[in-house]
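For reference, the chains in residue letters:
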Amino acid sequence: MDPSNQETELVEYDQQQAQRQQIQYEKTLQKQQFQYPDGQKHVINTNNAEHQQLQANLNSTSGEHVSHRKNVGYNQSEIQQHQHETLSMSNILCNTLYSFLLAIAALVTAVGLFTYQWVETTDTDMAAANIVVPPSVPGLIAVSCGLVTYCINAAGTVSECALPWPRYGDSVFEQPSNYWVGAAVLLVIALVQLTLAWLYTIVSCFGCFSSRLHSCCLSSVNIAAAWMLAALIVWGASFPEYAVKTNVANTSDRFVPVFPSATIEGSHDAIGCRICGNKMSYYQMSSSCTFGWGGIIVVCAFFLVLIAACV
């Protein structure tokens, strides 16, 4: 019902009730009048208990009408406040595009997090950087190290590059470098936030839209982008962790690499990923290593999230 029409009806109802009460009041006063034998008309004292009770009833009834009007107005306001929110057709189209971008960003982030191709090198590049491959790694072709997994493409049993990709440890967060642990944690948090936001965009198209939840969704996506950027910054600070630092015995310009495989290094505590030249610093990649597509697609996911935030 239109609130203005309802208000008009309430006013008319109050007026009618007031008129009825006034008529009843006047009739009661008339009944209280009587004639004395002298022919004069007298009225019972209006200060008596019966009259006061009648006046109190009249005031109480009027108060109930006012309270009723207020309650009806409050209920109407409450109903309007909790009115079911829906999306228009144009908003549904925008929400669909937004949901698609979030889904792609979350998927790409997950692939980037668990792939091994973040930093890569080959036997040729290692030889050019005076890195001596030990006999325990026969037929080495290439080595790749990611945040969570790694790949060693070599001959024999030391080759580890098949699905499921080998991890540094039993846990997702058991990497040789604390920088990689930090970057992985930040990406996991971002992935969770993106996934939850994507799930909300799905249900919002089926009658579950809420302005408050939508605002929280937008904030969550923006924060996820910040986590992704922070993860890339933390990972860039770990570049010295990829540089060789141990010299071959009795030499000063030849280096021994450290591989991420416990099979090669002998124990889990000895693993690492020191496969790049020694001239590697923060946010500066050595010429003997390359920036793999794992990190590249995380950068792409970051920009996808920024684009989604503009939709």
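This structure is a prediction, so every number in the text was calculated from the model and none was measured.

Conventions used here
Within each chain, residues carry numbers counting from 1 in the order of the written sequence. With pLDDT at 70 or above as the cut-off, local features in this predicted model cover only qualifying residues; side-chain atom pairs require 80 or more to be listed or tallied, and sums for whole chains, interfaces and linings still use all residues. Here the side-chain values reflect all heavy atoms present in the structure, with hydrogen atoms and water set aside. For the purposes of this analysis, a disulfide is any pair of cysteine sulfur atoms at a distance within 2.5 Å. Helix numbers and strand numbers start at the N terminus; a helix is a DSSP run of H or I with at least 4 residues, a strand a run of E with at least 2. The buried label goes to any residue with under 20% of its type's maximum accessible area, the exposed label to any with over 50%, and the partly exposed label to all in between, with areas taken from a 1.4 Å probe on protein chains only. Lines fitted to the C-alpha atoms define the axes, with helices restricted to the stretch that makes contact. Angles between their N-to-C directions range from 0 to 180 degrees. Orientation categories follow fixed angle ranges, with anything under 35 degrees roughly parallel, anything over 145 roughly antiparallel, 65 to 115 roughly perpendicular, and all other angles oblique. By convention the crossing between two helices is left-handed if the near helix lies anticlockwise of the far one by an angle smaller than a right angle, and right-handed if it lies clockwise. When checking whether two residues touch, look at their non-hydrogen atoms; a contact exists if any pair is within 4.5 Å. Nonpolar residues are Ala, Val, Leu, Ile, Met, Phe, Trp, Tyr, Cys and Pro. Charged residues are Asp, Glu, Lys and Arg, and all others, Gly as well, are polar. Salt bridges are identified by distance alone: a Lys or Arg side-chain nitrogen within 4 Å of an Asp or Glu carboxyl oxygen. DSSP calls a pair of strands paired once it identifies at least 2 bridges connecting them. Values of pLDDT, which run from 0 to 100, indicate the predictor's confidence residue by residue.

Quick word on the state of the cysteines
Move 1: Within this structure, the stated rule accounts for three disulfides.
Move 2: Covalently, C145 is tied to C273 through a disulfide, its sulfur atoms 1.6 Å apart. Judged by the sign of its S-S torsion, about 95°, the cystine formed by C145 and C273 is right-handed. With a gap of 128 residues between them, C145 in strand β4 (residues 142-145) and C273 in the loop between α7 (262-265) and β8 (290-291) connect regions that are remote in the sequence. Of the two residues examined, C145 and C273, each falls in the buried class.
Move 3: Two residues share a disulfide in this structure: C151 and C161, whose sulfurs sit 1.6 Å from each other. The disulfide joining C151 to C161 has a torsion of about -100° about its S-S bond and is therefore left-handed. Taken together, the residues C151 in strand β5 (residues 150-153) and C161 in the loop between β5 and α5 (178-208) connect sequence positions ten residues apart.
Move 4: With a relative accessible area of 29%, C161 lands in the partly exposed category.
Move 5: Each disulfide of the protein chain joins two cysteines, and with those cysteines numbered along the sequence the arrangement is 1-4, 2-3, 5-6.
Move 6: In this model C216 remains outside any disulfide bridge; the closest cysteine sulfur is found in C217, 8.8 Å from its own.

Concerning the packing of helix α6 (residues 211-236) against helix α8 (residues 293-309)
Move 1: It is at 10 Å that the axes of α6 and α8 come closest, and there the two elements cross at 155°. Looking at the two axes, α6 sits roughly antiparallel to α8. In the packing of α6 onto α8, the handedness of the crossing is left-handed. Two secondary-structure elements touch here, α6 through V221, N222, A225, M228, L229 and L232 and α8 through G295, V298, V299, A301, F302, V305, L306 and A309.
Move 2: Along the lines of polarity and charge, the residues of the contact of α6 with α8 split into twelve nonpolar, two polar and no charged.

What about the pattern of salt bridges?
Move 1: Scanning the model with the defined rule gives one salt bridge in all.
Move 2: Here R274 ties to E241 by a salt bridge, and the two come within 3.9 Å at their closest N and O atoms. Residue R274 is located in the loop between α7 and β8, and its partner E241 is located in the loop between α6 and β6 (246-247); the two are separated by 33 residues in the primary sequence.
Move 3: Owing to a relative accessible area of 17%, R274 belongs among the buried residues under this scheme.
Move 4: For E241, a relative accessible area of 26% puts it in the partly exposed group.

Section: the side chain of S238
Move 1: Secondary-structure assignment places S238 in the loop between α6 and β6.
Move 2: Apart from residues lying up to four places away in sequence, S238 is in contact with S177, Y179 and W180.

A short note on the environment of T157
Move 1: Looking at the element boundaries, T157 is found in the loop between β5 and α5.
Move 2: When the C-alpha atoms of T157 and I264 are compared, they prove to be 9.7 Å apart, with 107 residues separating the residues in sequence.

Side note on the sheet that holds β5
Move 1: The strand order across the open sheet built from four strands is β5-β4-β3-β8, with neighbouring strands paired in antiparallel fashion. Looking at strand neighbours, the two that pair on one side only are β5 and β8, the edges of this open sheet.

Considering the environment of V299
Move 1: Structurally, V299 can be placed in helix α8.
Move 2: Taking the C-alpha atoms as reference points, V299 and M228, separated by 71 residues in sequence, lie 8.2 Å from one another.

A look at the confidence of the model for the protein chain
Move 1: Per-chain confidence: the protein chain averages 80 in pLDDT, with 72% of residues scoring 70 or above.
Move 2: Contacts for the low-pLDDT stretch residues 65-82, under 50 throughout, to residues beyond four places or in other chains number 14 contacts.

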